[in-house]
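Listed below, chain by chain, are the residues.
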Amino acid sequence: MSEKLFSRLFWRPYIFIGISMILVLLSSMVPYILPHAWLGEHYPGYDFYMFKGMAWTLKLALLIYLYGIVCIFTKNYFPKLSNLCTEEVRAVITGYKSSWSRGKQLCPVFTYKVGDKEYSEALNEAKGTKEKSGDVLERGFTLKLPRKIIYNPQNPKEFYLPGCEYYSRKTAVFRYILFSMLLFLQLYLNFFVNVR
């Protein structure tokens, strides 16, 4: 699938829950990072304001988490791929892209027209490597090779190759539930246990 589609399906749903987890972690680390005894001695009421700051950080984390839940239902964060990408078009491999995260691996760039506009978007999957002797590419991903792609009419930059779709809506929802459980476990272990 294209990098834009990968970002939408595999990163966007988890941004808010990730921010919430970071805030919970930061709020639980405050007493250990700051010189707690010295501040308590030199600034009267420090303990009260520290606890209040931790509580507000946790409230903010939970509000961000709840906003993420709202977005799931209002912005279609876990779509069915067949409902999201419905239009078919012929694309041609016009080049290759390497990224810092993939090292010598190469991702093919597909060029295609939707209406009057031409798009050039990279595939998120590596289909070749850069060698000293020259680029070694997987069969079916050579330069100028035409391929059929299925794209999203609302955003043509989001597409996938038929037969290569590895997104599962059930898995994505299960992953979100798992991260939610980890967030609340972190909330319990890092804050409420310390408060006791």
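Here the structure is shown first, and the text comes after it.
Residue numbers run consecutively from 1 along every chain, following the written order of its sequence. Whole-chain, interface and lining totals are the exception, using all residues; otherwise, since this is a predicted model, local features are given only for residues with pLDDT of at least 70 and side-chain atom pairs are given and counted only at 80 or more. Neither water nor hydrogens contribute to the side-chain values; these are computed over all heavy atoms in the structure.

Points about the overall build of the chain
Then, in step 1: Each helix is a run of H or I in the DSSP string that is no shorter than four residues. Each strand is a run of E no shorter than two, and both are numbered from the N terminus. Check the secondary structure of the chain and you find 6 helices and 7 strands.
Then, in step 2: Ordered by position from the N terminus, the helices and strands of the chain form the series α-α-α-α-α-β-β-β-β-β-β-β-α.
Then, in step 3: Using a 1.4 Å probe on the protein chains alone, a residue whose accessible area is under 20% of its type maximum counts as buried, one over 50% counts as exposed, and one in between counts as partly exposed. Out of the 196 residues belonging to the chain, those deemed buried represent 37%.
Then, in step 4: Relative to all contacts within the chain whose residues are 6 or more apart in sequence, the contacts with residues 24 or more apart total 66%.
Then, in step 5: The protein chains shown are the only cover counted for residues, whose accessible areas, like all others here, come from Shrake-Rupley with a 1.4 Å probe. For the chain, the computed accessible surface area is about 12,300 Å², with 62% contributed by carbon and sulfur atoms. In this description, contact between two residues means that some pair of their heavy atoms is separated by no more than 4.5 Å.

Description of the nonpolar core
Then, in step 1: For the purposes of this section, nonpolar cores are sets of buried Ala, Val, Leu, Ile, Met, Phe, Trp, Tyr and Cys residues that join through side-chain atoms within 4.5 Å. Membership of the largest hydrophobic core comes to 28 residues, with the highest contact counts inside it found for Met1, Leu5, Leu9, Phe78 and Tyr167.
Then, in step 2: In terms of residue count, helix α4 (residues 46-74) provides more of this core than any other element does, 6 residues in total.
Then, in step 3: For leucine 5, the contacting residues outside a window of four places in its chain are Leu81, Leu84, Cys85, Glu158, Phe159 and Tyr160.
Then, in step 4: Of all hydrophobic cores here, the second largest spans 13 residues; its members include Phe110, Val114, Leu123 and Tyr151.

Details of unusual backbone geometry
Residues other than glycine predominantly adopt negative phi, and peptide bonds predominantly adopt the trans conformation.
Then, in step 1: We note that asparagine 76 has phi near 55°; this positive angle belongs to a residue other than glycine.
Then, in step 2: Mapped onto the elements of the fold, asparagine 76 is located in the loop between α4 and α5 (81-84).
Then, in step 3: One non-glycine residue, lysine 144, lies in positive phi territory at about 70°.
Then, in step 4: Following the sequence through the fold, lysine 144 ends up in the loop between β5 (134-137) and β6 (146-152).
Then, in step 5: Overall, lysine 144 belongs to the exposed group, its relative accessible area being 59%.

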